[in-house]
Amino acid sequence: MCAGEWVNYSRHMSTEPRILPSEWTGTSTEVSWGLVFGENHPKFETHGQLDPSMHTGTEDITLRIISQVGRAVEIVFETHSGKIGAIGLLSHDGRRLEVTGPLGHATYLIDGNTMTGTSNYKVNGSGGASDEYGVGMAELTARL
């Protein structure tokens with residue numbers, strides 16, 4: 001190699017994406033303003049105008065990888081409230097998963113068979129942005 005010659009080392013690295021386990025289970029803790037999920041509001045329907053205040057809670061959650069094509073994934077989140085779909089993109093090194101869906105965005109950090117993440121929720125209705133929003137933190141373990 002000559003001085004000043006640029007070498008693309010990335011082509012020498014593995015380009016095969018990590019294949020994620022198909023099921024992750026754990027808990028999610030949320031705090032929200034006006035987002036009311038639960039037995040009274042099935043299928044993640046919200047009725048924040050009925051209770052415009054802060055809500056907190058912890059619930060069991062399952063993250064299912066429905067399909068993975070390279071680094072792209074299709075996901076379903078399941079809780080006692082119901083199921084909601086999302087899509088995600090795995091980082092090149094397989095250690096971060098960025099997810100988006102109808103309710104918001106999440107970032108998950110993957111360390112072996114554990115995944116921890118944060119979610120940001122913002123519900124938009126037919127009239128545009130609403131006053132319903134929230135954040136959550138999840139801790140999940142792969143079911144092997």
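Scroll up to find the structure this text is about.
Treat the numbers as computed from the prediction; the structure is a model and nothing was measured. (Residues numbered from 1 in each chain as written. Predicted model: local features only at pLDDT ≥ 70, side-chain atom pairs only at ≥ 80, totals over all residues. Heavy atoms only, no water.)

Asker: For this particular structure, what's the right way to read the overall build of the chain?
Answerer: Within the chain, the regular secondary structure consists of zero helices and eight strands. From first element to last, N terminus to C terminus, the chain shows the α and β order β-β-β-β-β-β-β-β. Of the contacts formed within the chain by residues at least 6 apart in sequence, a portion of 45% connects residues at least 24 apart. Summing over all exposed atoms, the chain offers an accessible surface of approximately 9,100 Å²; the carbon and sulfur share of this is 55%. (Helix = DSSP H or I, 4+ residues; strand = E, 2+ residues; numbered from the N terminus. Contact = heavy atoms within 4.5 Å. Areas by Shrake-Rupley, 256 points an atom, 1.4 Å probe, with all protein chains shown as cover.)

Asker: Can you help me understand the nonpolar core in this one?
Answerer: When a protein is soluble and globular, its nonpolar side chains tend to lie buried together. In this structure, Trp 24, Leu 63, Ile 75, Phe 77, Leu 97 and Tyr 108 are the most contacted members of the largest nonpolar core, which totals 22 residues. Of all elements in the fold, only β2 (54-69), β3 (72-79), β4 (82-90), β5 (96-101), β6 (104-111), β7 (114-125) and β8 (128-142) reach the threshold of two or more residues within this core. (Core = buried A, V, L, I, M, F, W, Y, C linked by side-chain atoms within 4.5 Å. Buried < 20%, exposed > 50% of the residue type's maximum accessible area, 1.4 Å probe, protein only.)

Asker: Help me out: how do you make sense of the pairing of β3 in this one?
Answerer: For a regular strand, side chains alternate in direction, first toward one face of the sheet and then toward the other. With six of eight residues buried, β3 lies mostly within the body of the structure. Bridge count between β2 and β3: seven bridges; the pairing is antiparallel. Bridging across to β3, Leu 63 finds its partner in Phe 77. Linkage of β2 to β3, two consecutive antiparallel strands, is achieved through a turn of two residues, within which Gly 70 is found at a positive phi near 65°. Across eight bridges, β3 lies against β4 in antiparallel orientation. Each residue of the ladder has a partner; that of Val 73, found in β4, is Gly 88. The loop that links β3 with its antiparallel partner β4 comprises two residues. (Pairing = 2+ DSSP bridges.)

Asker: Just to check I follow, could you spell out empty space enclosed by the protein for this structure?
Answerer: Gaps between atoms show up when a probe of the same size as a water molecule is rolled over them. Per the stated rule, a full pass over the model turns up one cavity of 30 Å³ or more. Of the pockets and cavities examined, the largest cavity occupies roughly 320 Å³. Elements that contribute at least two residues to the lining of the largest cavity include exactly β1 (23-33), β2, β3, β4, β5, β6 and β7. Element by element, the count of residues in the lining of the largest cavity is highest for β6, at four residues. By residue class, the composition of the lining of the largest cavity is 13 nonpolar, nine polar and two charged. (1 Å grid on protein atoms, 1.4 Å probe; cavity = no way out; pocket = protein on both sides within 12 Å on 5 of 7 lines; lining within 4 Å. Points joined across faces, edges and corners; volume = space filled by probe spheres on them. Nonpolar A, V, L, I, M, F, W, Y, C, P; charged D, E, K, R; others polar.)

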